[in-house]
Amino acid sequence: MRDLLRPYKIELRLAVVLALICIALAVAAPQFATLPNLTSLLNNSAVNLIWAVGLLVVLIAGGIDISFAVASSVVQYIAAKLLISVGGGNWLLGFLFCGSLGILLGLLNAWLIHGFRIISIVVTIATFNAFFGLLMFFSGGRNIYDLPDWWTARIFIFEYENAQGIWSELTLSVAVMIGCVIATWALIQRSNIGRQLYAFGDNPEGARRAGVNIAVMQGVAFGWMGLMAGIAGLCQVNIVKEVVPNALYGRELEVLAAVVLGGARLGGGKGTILGCILGVMFVAITQNGLNLLGVSPFAFQMIIGAAILIAISTSNIDLSLRPRRKEARS
């Protein structure tokens, strides 16, 4: 049993911590454990988790991307302009267009990284600023309110009204999130490309010598991140019912913290869907709990900063080696 659970040590530890936090919050803030709050928590986490599974693929491949939130904003703005010009469109057209545009932005990152041999964090910092600057220049920072009805209409996959007349609802974004999680799991766990991504992230030179196409791996990783960014942008507009050019600016750090907390290694070659989900829920539940307790929102930023520091400083430590060193000394 221990051998079966060994690959999921980080996930198990995080699950235990998360369970303890939930118990503490349920006692300290009784409204935390109510169905309306839990469904609201899932709705609010949907976009972050869609981003997170895309970022997970990039981290597994040994890269890093901090431009995805701004890429979602770019996709939103261009999609709104073009869909309005063609008569409004529909959900199918929206998914096709936003997904395709997101993939193009992701492939641009991959091309710059591979073509110019620049490390991914430098490239994505550059595209982060370029995307945001171009977006604010062409949009003038103005919001778009006149959107097609299908894009702003609330679609519920679950509804329940309690005795007090309070509704608990799960929106379409949660269903899309589940679809993205399953698709990403299939990519990294049930496909040959997924195995190559792990191999490439763990040992790029060894993977290259084994015949793995480096350009294809980077294209798949950043293209998948772009696809998730496009889909997340589409869903976020459905949630807020408008396009706000700078609304998603700055959310990339909490997503990065969540994925690394879930066990994804910044050096590449490591990461699971389960850990990714637990990391996102840890961040979301922490923020939700602090809000319910009336704690300053600045405290959440401090926690995210500490989480990133702890996760990064421990991501490359193999704790299983410590007992062996003791045995060797004795």
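The structure displayed is predicted, hence computed values, not measured ones.

## Some remarks on the pattern of salt bridges
Then comes step 1: Taken as a whole, this structure holds three salt bridges when the rule is applied.
Then comes step 2: Asp-202 is paired through a salt bridge with Arg-265; the nearest N and O atoms lie 3.0 Å apart. With Asp-202 in helix H9 (residues 192–202) and Arg-265 in the loop between helix H12 (252–261) and helix H13 (273–292), the pair connects residues that are 63 residues apart, well separated along the chain.
Then comes step 3: With a closest N to O distance of 2.4 Å, Glu-205 and Arg-208 form a salt bridge. Remark: Arg-208 and Glu-205 occur in helix H10 (residues 204–209); sequence separation between them is three residues, near one turn of the helix.

## A few points about the packing of aromatic side chains
Then comes step 1: The full count for this structure, using the stated rule, is eight aromatic pairs.
Then comes step 2: For the ring pair Trp-51 and Phe-68, a centre distance of 5.6 Å and an interplane angle of 55° mean the geometry is tilted. Taken together, the positions of Trp-51 in helix H3 (residues 35–60) and Phe-68 in helix H4 (residues 68–85) put the pair 17 residues apart, joining distant regions of the chain. Side by side, Trp-51 and Phe-68 carry an identical accessibility label, which is buried.
Then comes step 3: Between Trp-150 and Trp-151, the ring centres sit 5.6 Å apart and the planes meet at 10°, which makes this aromatic pair stacked.
Then comes step 4: Here Trp-150 falls in the buried class, since its relative accessible area comes to 14%.

## Focus on unusual backbone geometry
Then comes step 1: The residue Arg-117 is not glycine, and still its phi comes out positive at about 55°.
Then comes step 2: In this structure, Lys-241 takes a positive phi of about 65° despite not being glycine.
Then comes step 3: When you line up the elements, Lys-241 lands in the loop between helix H11 (214–240) and H12.
Then comes step 4: Owing to a relative accessible area of 34%, Lys-241 belongs among the partly exposed residues under this scheme.

## Quick notes on H13
Then comes step 1: Look at H13: 28 Å from first C-alpha to last across 20 residues, which is about the 28 Å you get at 1.5 Å a residue.
Then comes step 2: The element H13 is largely enclosed, with a buried count of 15 among its 20 residues.
Then comes step 3: Downstream of H13 by one or two residues, Gly-294 has phi in the positive range, about 75°.

## Let's talk about empty space enclosed by the protein
Then comes step 1: A complete count under the given rule lists one cavity of 30 Å³ or more for this structure.
Then comes step 2: Elements with a minimum of two residues in the lining of the largest cavity: H4, helix H5 (91–116) and H11.
Then comes step 3: Of the residues contributing to the lining of the largest cavity, the split by class is seven nonpolar, five polar and one charged.

## Remarks on the layout of surface pockets
Then comes step 1: Roughly 360 Å³ of volume is contained in the second largest pocket.
Then comes step 2: Asn-44, Ser-45, Asn-48, Arg-251 and Gln-287 are the residues nearest the centre of the second largest pocket, which is lined by 19 residues in total.

## Here's the deal with the packing of H5 against helix H6 (residues 120–139)
Then comes step 1: In contact at an axis separation of 9 Å, H5 and H6 are set at 135° when each is read in the N-to-C sense. What the angle tells us is that H5 and H6 run oblique. Relative to H6, the crossing made by H5 is right-handed. Residues Leu-105, Leu-108, Asn-109, Leu-112 and Ile-113 of H5 form the contact with H6, whose participating residues are Ser-120, Val-123, Thr-124, Thr-127 and Phe-131.
Then comes step 2: Broken down by class, the residue content of the contact of H5 with H6 amounts to six nonpolar, four polar and no charged.

Reading guide: rules and limits
- Residues numbered from 1 in each chain as written.
- Predicted model: local features only at pLDDT ≥ 70, side-chain atom pairs only at ≥ 80, totals over all residues.
- Heavy atoms only, no water.
- Salt bridge = Lys/Arg side-chain N within 4 Å of Asp/Glu carboxyl O.
- Helix = DSSP H or I, 4+ residues; strand = E, 2+ residues; numbered from the N terminus.
- Phe/Tyr/Trp six-rings, centres within 6.5 Å; stacked < 30°, edge-to-face > 60°.
- Buried < 20%, exposed > 50% of the residue type's maximum accessible area, 1.4 Å probe, protein only.
- Expected span 1.5 Å × (residues − 1).
- 1 Å grid on protein atoms, 1.4 Å probe; cavity = no way out; pocket = protein on both sides within 12 Å on 5 of 7 lines; lining within 4 Å.
- Points joined across faces, edges and corners; volume = space filled by probe spheres on them.
- Nonpolar A, V, L, I, M, F, W, Y, C, P; charged D, E, K, R; others polar.
- Axes fitted to C-alpha atoms, helices over the stretch in contact; angles between N-to-C directions.
- Parallel < 35°, antiparallel > 145°, perpendicular 65-115°, else oblique.
- Left-handed = near helix turned anticlockwise from the far one by under 90°.
- Contact = heavy atoms within 4.5 Å.

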